[in-house]
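Residues per chain are reported as follows:
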Amino acid sequence: MNPDGSPKQTLASKHLTHYDDNNTTNLEQPILTLFDPVMPPWIIRSEMGNISANGKHINLDGKVTIDRAASRNTKAIKIITRNLRVQPEIEYAETDEAVEIIALPQRIKGIGMQGYFTKDALKLSLLSNVQGKYEIE
C-alpha cells in the first residue's frame, strides 16, 4: 500500500503453494500489478513463478508479458520476454532473454533488459543486439 492507503502493488495467482521448510512460494499463472497514481497500471503476467523466502524477489518463469494501457498522454506498451526477475519494492525487473517492446507503430527488440517501472518514468535498457523499427506518424 502507498502511504495514502491506495494500492501500490497486487499479486494474484491461479494456484499458490507455500513451502514451510524454506519459506518460498510457487505461483501458477501469476499476475503482478504495479499501480501508478496518474498512469494506467503495469500488468505483468507469466506462466509460472516463485517468491523468495524474504519476499523481496519474484521470479516470473516461462513466457512473460508486461502491459500498460494507453492513456491521454501515452501510448499503450507491451513488452514480451521470458524468465523475468522482479524486485517489487523498487519496481525493478530484469531478464537475460530476448525482449520485444511494442508501442505501435514502434517496435524494439534486443537481448537482455533492465528496467524500472516507477511512477516517475519508465526506464528500460536493452543490453545487446538491439534493433528498432520506428515510424513517424
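This section reports on the structure supplied with the text. Nothing here was measured: the structure is a model prediction, and the numbers come from that model. For every chain, the first residue of its written sequence is number 1, and the numbers climb from 1 along that sequence. The predicted nature of this model means local features are confined to residues of pLDDT at least 70 and side-chain atom pairs, given and counted, to a pLDDT of 80 or more, with totals for whole chains, interfaces and linings taken over all residues. Each side-chain value is worked out from all heavy atoms of the structure, with water and hydrogens disregarded.

1. Topic: the pattern of salt bridges
Logical step 1: Salt bridge criterion: a side-chain nitrogen from Lys or Arg within 4 Å of a carboxyl oxygen from Asp or Glu. Counting across every chain of the model gives 4 salt bridges.
Logical step 2: Note that arginine 85 is salt-bridged to glutamate 94, the shortest N-O span being 3.2 Å.
Logical step 3: Per-residue accessibility, obtained with a 1.4 Å probe over protein chains only, is compared with the maximum for each type, and a residue is labelled buried under 20%, exposed over 50%, and partly exposed between these values. With relative accessibility at 22%, the residue glutamate 94 sits in the partly exposed group.
Logical step 4: We note a salt bridge from aspartate 96 to arginine 85, for which the minimum N-O separation is 3.4 Å. Here the residue aspartate 96 occupies a position in strand β8 (residues 92–103), and arginine 85 occupies one in strand β7 (residues 77–87), the gap between them amounting to 11 residues. Runs of H or I in DSSP of at least four residues are treated as helices and runs of E of at least two as strands, each being numbered from the N terminus.

2. Notes on the environment of phenylalanine 117
Logical step 1: Of note, phenylalanine 117 is situated in strand β9 (residues 106–117).
Logical step 2: Taking the C-alpha atoms as reference points, phenylalanine 117 and leucine 34, separated by 83 residues in sequence, lie 8.0 Å from one another.
Logical step 3: By the convention used here, residues are in contact when the closest approach between their heavy atoms is within 4.5 Å. With near-sequence residues (within four places) excluded, phenylalanine 117 lies in contact with Leu34, Trp42, Ile66, Ile79, Glu91, Ala93, Leu122 and Leu124.

3. Let's talk about the packing of aromatic side chains
Logical step 1: Each pair of aromatic rings taken from Phe, Tyr and Trp, with Trp reduced to its six-membered ring, is defined by centres within 6.5 Å and is described as stacked if the planes are under 30 degrees apart, edge-to-face if over 60, and tilted in the remaining cases. Under the definition given, this model contains 2 aromatic pairs.
Logical step 2: Ring geometry for tryptophan 42 and phenylalanine 117: centres 4.9 Å apart, planes at 75°, overall edge-to-face. Linking tryptophan 42 in strand β5 (residues 42–51) with phenylalanine 117 in strand β9, this pair joins segments that are 75 residues apart in sequence.
Logical step 3: For the pair tyrosine 92 and tyrosine 116, a centre-to-centre distance of 4.9 Å together with 50° between the ring planes defines the contact as tilted. Of this pair, tyrosine 92 sits in strand β8 while tyrosine 116 is found in strand β9, placing the two residues 24 residues apart along the sequence.

4. Some thoughts on the side chain of threonine 65
Logical step 1: Relative to the elements of secondary structure, threonine 65 occurs in strand β6 (residues 58–68).
Logical step 2: The residues contacting threonine 65, other than those within four sequence positions of it, are Ile43, Ile44, Arg45, Lys78, Ile79 and Ile80.

5. Considerations on the pairing of strand β4 (residues 31–34)
Logical step 1: By definition, two strands form a pair when at least two bridges between them are found by DSSP. For strand β1 (residues 9–12) and β4, the ladder comprises 4 bridges, and the chain directions are antiparallel. By the bridge assignment for β4, threonine 10 is matched with threonine 33.
Logical step 2: By the bridge criterion, 4 bridges tie β4 to β5 in an arrangement that is antiparallel. Across the sheet, leucine 34 pairs through a bridge with tryptophan 42, a residue of β5.

6. A word on the environment of asparagine 2
Logical step 1: Within the secondary structure layout, asparagine 2 lies in the segment before β1.
Logical step 2: According to the relative accessible area criterion, asparagine 2 is partly exposed, its value standing at 27%.
Logical step 3: Taking C-alpha positions, asparagine 2 is 13 Å from isoleucine 90, a pair spaced 88 residues apart along the chain.

7. A look at the nonpolar core
Logical step 1: Within the largest apolar cluster, 21 residues are counted, with the highest numbers of intra-cluster contacts made by Ile44, Leu60, Ile66, Ile79, Leu84, Val86 and Phe117.
Logical step 2: Counting residues per element, the ones that place at least two in this core are β4, β5, β6, β7, β8 and β9.
Logical step 3: Other than its neighbours up to four places away in sequence, isoleucine 79 contacts Val64, Thr65, Ile66, Val99, Glu100, Ile101, Met113, Phe117 and Leu124. Think of a nonpolar core as a cluster: buried Ala, Val, Leu, Ile, Met, Phe, Trp, Tyr and Cys residues, connected wherever their side-chain atoms sit within 4.5 Å.

8. Some thoughts on unusual backbone geometry
Logical step 1: With an omega of 5°, the peptide bond between leucine 104 and proline 105 qualifies as cis.
Logical step 2: Inspection of the secondary structure puts proline 105 in the loop between β8 and β9.
Logical step 3: Even without being glycine, asparagine 129 reaches a positive phi, approximately 50°.
Logical step 4: Structurally, asparagine 129 is set in strand β10 (residues 122–133).
Logical step 5: According to the relative accessible area criterion, asparagine 129 is exposed, its value standing at 58%.

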